[in-house]
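Observations on the three-dimensional arrangement
The chain contents come next:
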Amino acid sequence: MKYVYEKMSRVGQKKIKQQHYFTPKYISLSDQDTEPCQRTYCGRGRQCVLMAETGRAECVCQEKCRPSFVPVCGSDGRFYENHCEVYRTACLERRRIFVVHSKDCFFKGNACTMSEYNKLKSMLLDMQPKVLGNGEQDQQKDMEARRGLVDTMFKYLDVNQDGLLIANELEKISMKEHLEDILLECTMQDLLRYDDYNNDGHLSLHEFYTAFQVVQLSLAEEQLISISTVTVGLSAVLTCAIQGTLRPPIIWKRNGIILNFLDLEDINDFGDDGSLYITKVTTIHMGNYSCHAYGYEDLYQTHVLQVNVPPVILVYPETQAQEPGVSASLHCHADGIPNPKLLWLKNGMDLQPRSSKQLSLIANGSELFIGSVRYEDTGAYTCIAKNEVGVDEDISSLFVEDSAKKTLANILWREEGLSVGNMFYVFSDEGITVLQPSECEIRRHMKRTERIVATYEEMCPKGEGVSPQHCVWSSAVNIRDKYIYVTQPLQSRLLVVDIQAQKVVQAIATDPYPVKLLYDKSHDQVWVLTWGDMERTHPTLQVSLTCVGEVHHAIHTTFQRVNNFFIPATNLIITHVRFAFVFLKNEPAVHKIDLETLHRVKTISLKNYSCIPVSMAYTHLSGFYFVQCQSNRRRQAPPQLLIDSVTDAVIGPNHNITGRAYISPDGRYIVTPDLQSSKLVVQTVSFQGELSLNQEINWSLSVSDLIFQRSFTESNQHLVVATSASGTELLFADLSSGHTEELKSLKEPLAPKSWPWDGPNRVVVSSGLFGQYLVTPSVESLFVLNGKQRTPHCEVSDIKRGNTVVWVGEV
C-alpha cells in the first residue's frame, strides 16, 4: 500500500511541476526537496504542495483537472464533465459529493426523466402483439419471451432494414402510430438520448437489447468443459467463460451445492469477474465445479479440477544386517498424484537389475529382491519416486557380514528390530500374548494374574461370583509404537502397556463400560466411548491425553448420549486431521467436532433422508464422507449417504449401496459389503475426483471384518481381506483384477452374542504397510496367514477369545 501512495504522489508532483498551478505563497517543488510529498497521499480532488512558511507538505484542493469528457452525475444533482471535477468541487466546497449512477442530471429541465423514460419502455413492450409470461414461467423462459418482443419491435422500427435505428426512423414511427398522444413526457427520440452509449447517432440491436434489459448469454462449444490441474498447496482460479450483455451474477456449484453464499474457509472470494478462487488447494478440492449466470441454469460450464501431489516416500527397513548367502528384500512405497514411478540407486549409482535371480525388481520397483547376498552387496540403496510435480527419496541400508563379528549395525538390527517391534499383541481370556508371526513364536505371555506396575493390582482381577477368572477386553490401539491402550469394559478402565518393557504400567479409570478406542495421531490423544451399562443407557465420550509427562489420564467431553464417533485416518499424504464426527443416540444428524478444542463446529442434519448414522468412512480424494444409516425393521436397509467435506452438505444417496463403507489407505477404493446384494461393491475415486462403480465381488457370506493389504505384484494397488461373521472362510480379492481366493477351515469364529462390544466378532489384522502376515482368531486359537502367498502360515492354540489384536511394527 505504501508503494501505491508513493507512486500516486510522484505522479501528482510531475503534473504540478509541469503546470505550475501555484500562488506565490507556495514553494516551487523544482527548487526544494520533494521527499515530504513523496510520502504524502492526498486523495482524490486534492494535491500535495510544500508551504513556503513552514516547508511542510500539505494537501490543497486541485486547481485544475485534465480536460476529458466522461460525463457523470454528482450526488448534489449537478452535471460534471468527469470524475475529477466531482472530487475537486467536493474539496473546494468542503462537503461530500460522490458519483451517482443516474442520468437524470444530464437532462435537467427536460420533462423526460429517467422515471418517465422507463415508463416509455414498458409501454412500448406492452404494445407488442405478444405479452410476457404470466409469472409462472422461470426467469430464463421469461427472458426468451422478452427477447422475442424486442426483436419484433426492432425490426418494425428499422424501416430501411439496415440494422440501425436513427432519429428520423423513430420520428416517422411516432407520427405514423400517433404515439405522441400516449407517450406522456417522453418521445421516441429519447431512446437515442438515453441509450446511444457510443454517441454515434444511432441504436444498434445490441444497444436496443441493453435499453430493454434483454440478457444475452453465450458459451463457446469448446469451452463447455474446462480441465484445470493445480499442485497441492497452491491457489486456483476458475474463470467462468459465459459471456453476454447484461450478464447476471455468476453462480458456482459443487456437487449441486451453491458455493457463493457459503462462508467457506478456503473458497471465500468470487471477484468482480465471477471467478472462483480456491486458496491453498488440497486433495478434497478435486472434482467438478459448474458455473452459470443467476437464473439461467440451462447454460453452464463445467470445470474439472485435478489436484496433483508430489511423491511422499517410505522405505523398509531403514537398516538391515544379513549373513552371506541368504536373501534380502528392500521395500519402497510412495504415494502421489499422478502415481509416482520408482527407481533405485546403489551408493548413488544407477542400479541395473540383472536377468539372473541375484537381483530383481518386483511390483514396479516396490521391492528390490537380492536372492543370495554377498559382501559386495553392502551399501546404501536409494529409492527415488518421481511424478509430474515432484521427487522424493529415501535410503535403505544393507550390511552383509558374518554374524560372529557382532558389528554395531548387526546389534542394532537384531536387538531393536526383533526384540519388541514387528509383533502382534493378542488380548485373550488368559492375558496378553506377544507373537512374532514369521516364526510363529510366542515372545512373551502376560498372564491374567500379572501385576500392574503402578498399583500392584492384578491385570485381570476376579469378579464377583463363582465364575472362573478371565480377562475381558473390547478394543485396543497402538500409540506411536510406545504404548498400547486396551479397554477392560467390566473393570471400567483402560490399561496402558509399555511396549519396550512389555508390561502393564498403569490403569486409567473411565466411565463404566469403555468399549471403543480410537487414536487421533494428529493430536496424540485417544478417544474413549463408554456405554454406562450393557444396555447403553448412559453413554459418554472421553479423551485420554497420552503425552503429558508420560502420565496418562482421561478427561470428559461435553457430549452425552453418544452412539458412536468417527475420526478420519492419516496416510503418507494426509498427515493431519482437523475434525471428528459424533453421532448421538436416535438423532438424524452428525456433529462436526474440532479436534483441537473438542468443541462442536456445526451439525449436519440428515433428517431429510430419515437417516440415523451408524458409521462413517472418508476419502481425502474429493473429500467424500460415506454415512451408513441405521436399518429400519419395517423396510430394507437405507442406502449410504454422501457428504461433501468442502461444503459439509449432504449430496444425497450413494446410488443404492447399503452397509458400511471401507476405504483403502490411499483413498482410491471404497469397498462396501452390501447388505442387500450379498456382494462386495467396489467403487473408485479418480484423480479428477469422480466417484464411479468399479466392480462387484460375489461373496454370499456375511462380512465380519474387512481390511486392505498392499499388493505384492503391482505398485499402488491393494488386496481386500474379509472374514466371515459365521463361517470358517476368509476371502482375498485383488482390486485391480477382480481375482478372488478363499481360505476355508479356519475354525469357527466367536458367536456374535459372545462378542457384545459392537466390533467385528472375527477381526483380521495385518502386519503393517510392508508386512505379509495377517492374524485372525477362532474361538480357542489364533491363525497366522501369509498374505503374500494367500495361505495359512500356522495356528497358535490355547488363545481363547483373542479377538482384540494390535500390530506393533517399525512402519
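Our subject is the structure listed above.
In short, a report on the structure. Since this is a predicted model, take the numbers as computed values, not measurements.

Let's shift gears to the state of the cysteines. Considering all chains together, one arrives at eight disulfides under this definition. Here C61 connects covalently by a disulfide to C91, the sulfurs 2.0 Å from one another. An S-S torsion of about -90° defines the bridge between C61 and C91 as left-handed. One end of the pair, C61, is in strand β3 (residues 57-61); the other, C91, is in helix α3 (residues 83-93), with 30 residues separating them in the sequence. In this structure C91 comes out as buried when scored by relative accessible area, which is 11%. Sulfur-sulfur distance for the disulfide between C240 and C291 comes to 2.2 Å. A torsion of 85° about the S-S bond marks the disulfide between C240 and C291 as right-handed. Within this pair, whereas C240 is found in the loop between β10 (236-238) and β11 (250-254), its partner C291 is found in strand β14 (residues 287-293), the two being separated by 51 residues in sequence. The two residues C240 and C291 agree in class, both being buried.

With that settled, the discussion passes to the packing of aromatic side chains. If you walk through the whole model with that rule in mind, you get 11 aromatic pairs. Within the aromatic cluster, the residues linked to one another by ring pairs are F154, F208 and F212. In this arrangement the basic side chain of K516 is found over the ring face of F565, its NZ or CZ atom lying 4.5 Å from the centre.

Time to look at the sheet that holds strand β4 (residues 72-74). The sheet built from three strands is open, its strands ordered β5-β4-β6 with antiparallel pairing. Two strands bound the open sheet, and with one partner strand each, they are β5 (79-80) and β6 (99-100). With two bridges joining them, β4 and β5 adopt antiparallel strand pairing. Counted as the bridge partner of V72 is Y80 from β5.

Conventions and cut-offs
Residues numbered from 1 in each chain as written. Predicted model: local features only at pLDDT ≥ 70, side-chain atom pairs only at ≥ 80, totals over all residues. Heavy atoms only, no water. Disulfide = S-S within 2.5 Å. Helix = DSSP H or I, 4+ residues; strand = E, 2+ residues; numbered from the N terminus. Buried < 20%, exposed > 50% of the residue type's maximum accessible area, 1.4 Å probe, protein only. Phe/Tyr/Trp six-rings, centres within 6.5 Å; stacked < 30°, edge-to-face > 60°. Lys NZ or Arg CZ within 6 Å of the ring centre and 35° of its normal. Pairing = 2+ DSSP bridges.

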